[in-house]
Amino acid sequence: MDETPEETPRPAGTTGLSGHVQRLLVRVRAFDTRRPWVWDTCLTLSWTTAALVDAAGGWRNTARDPSVPVWLVVTLSLALTLPLYWRRRRPMAVLAVMAGAALVSDASGAFLQGGYLQAIPVFHIALSRPPRALLWAFALLVPPLVTGAVRFPQETWDQRVIPTLWAYVLVVLLGIVVRSRRDHTAGLVDRARRLEIERDQEIRLAAAAERTRIAREMHDIIGHNLSVITGLADGGRYAAAKSPERAAQALDAIGATSRQALDDLRRLLGVLRDDEKEAVRDPQPTLADLDTLLTGVRKAGLAVRVDLRDEPKPQPLAPGAQLTVYRVIQEALTNTLKHAGPSARATVLLAYAPRELLVEVEDTGGTRPPATTPSPSPGQGLTGMRERAALYDGHLDCGRLPSGGWRVRLRLPLEDSPT
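Every value quoted in this text rests on a predicted model; they were computed, and no experiment measured them.

Visitor: Tell me about the overall build of the protein chain, residues and numbers included.
Guide: Looking only at helices and strands, one finds 11 helices and 5 strands in the protein chain. Out of the 419 residues belonging to the protein chain, those deemed buried represent 40%. Of all intrachain contacts in the protein chain linking residues separated by at least 6 positions in sequence, the fraction that spans at least 24 positions is 72%. Carbon together with sulfur atoms contributes 60% to the accessible area of the protein chain, which is approximately 24000 Å² in total.

If you want it as structure tokens, here you go:
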């Protein structure tokens, strides 16, 4: 009838007459969705006009009793057509009103053809109501037919009842087919929307993870290099008066450290550019770069000793795990430069066990915040080191030593698959 399924996308490549027809149907459905009262009014007025024209005299061609008063015919015609305006919202109530008018029509012998308009609310019942509502609909349709067949019998009593009921059954089947197609389309639309929502959530989570990673890398790079530069500047200031050569060396080291920091930041921020060709492709630091890290720290004035305890054939760490070890050592030494006293010393221990790597960074002296003090924001300081360790199923703890120093301990499995 006039109920239409939810709008579906036009197939790609649709051309010719069928394409124009489909586009026109899409526009009509969209208009009906926005302003349903327009179509409801047009349909109701059309059928009302046709029924009143029939009431002007044409009804007598099919009537069993042409002597029925005209006023009754007009009243029944309006009762069979005007309720159609509400057929989509209240189809069962509309059918009840129309069935009452059809009962009077058949009982009086008028046999108005407007009674067949009951098929319209029947269609909407099949389209939008539970299946049990169809039983009530047929309970309303049968009495007028039986009454007319009994009061004005033809050759056989079922000549009017059975064909009309079959027509209503076909209307019901049509409504069920349209309903199934509409529900299927709605299901596809809902599934597409859910997939889109899930994809958006995945994109947001990935973006948040990338922001966290970049923030953590920037904290490690900037914090470490600025601490080294600060140490070098302080040392150069004290050496300027007594040993200009050492002051010049400190300035050279500051320049080299600054350039290294800029290169690291350029490599890190290159991934944010739209043009991937402009991104710097230098590898991330690994354990092989520890010597460069320790050299810079020593130039900044911190005495560092390295204790490497190797098993005969240790399992190699994945590049990501090596970066984690590198950043943890870097962060621990940076904190030593910031918080330990000028005479502090640090020790870096790397010990390979059969199934894990143990990393310990200890220093002496200095005033430190409690181990439970949280970092200013996620991905920085102690929190950043713990997040790096957790990514590879590792465990990190840190705290004050009885001697007054500070220790950072990392245990990292040697498996190369992060969580």
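Visitor: Describe unusual backbone geometry, with residues and values.
Guide: With phi around 50°, Phe 111 is a residue other than glycine that occupies positive phi space. Turning to its location among the elements, Phe 111 is positioned in the loop between helix H4 (91–108) and helix H5 (119–128). Under the relative-accessibility criterion, Phe 111 is labelled buried at 5%. The backbone of Asp 393 sits at a positive phi, close to 60°, despite the residue not being glycine. The class for Asp 393 is partly exposed, based on a relative accessible area of 46%.

Visitor: Summarise the confidence of the model for the protein chain; cite the residues concerned and give the values.
Guide: Overall, the predicted model of the protein chain reaches an average pLDDT of 79, with 74% of residues at or above 70. Here residues 274–280 scores under 50 on pLDDT; set against residues more than four positions off or in separate chains, the count is 6 contacts. Low pLDDT (under 50) marks residues 369–379, which in the prediction has 20 contacts with non-local residues, meaning those over four places away or in another chain.

Visitor: Give a detailed account of the nonpolar core, specifying residues and quantitative values.
Guide: With 33 residues, the main nonpolar core has Val 325, Ile 329 and Leu 333 as its most contacted residues. Among the elements of the structure, helix H9 (290–299), helix H10 (319–339), strand E2 (345–352), strand E3 (356–363), helix H11 (381–391), strand E4 (395–400) and strand E5 (406–413) are those that each provide at least two residues to this core. Broken down by element, this core gets its largest block of residues, 7 residues, from H10. Ignoring any residue separated from it by four or fewer positions in sequence, one finds Val 325 in contact with Leu 287, Leu 317, Leu 357, Val 359, Leu 410 and Leu 412. Judged by nonpolar contacts, the second largest core, of 19 residues, contains Val 122, Leu 145, Leu 165 and Val 171.

The rules we used
- Residues numbered from 1 in each chain as written.
- Predicted model: local features only at pLDDT ≥ 70, side-chain atom pairs only at ≥ 80, totals over all residues.
- Heavy atoms only, no water.
- Helix = DSSP H or I, 4+ residues; strand = E, 2+ residues; numbered from the N terminus.
- Buried < 20%, exposed > 50% of the residue type's maximum accessible area, 1.4 Å probe, protein only.
- Contact = heavy atoms within 4.5 Å.
- Areas by Shrake-Rupley, 256 points an atom, 1.4 Å probe, with all protein chains shown as cover.
- pLDDT = per-residue confidence, 0-100.
- Core = buried A, V, L, I, M, F, W, Y, C linked by side-chain atoms within 4.5 Å.

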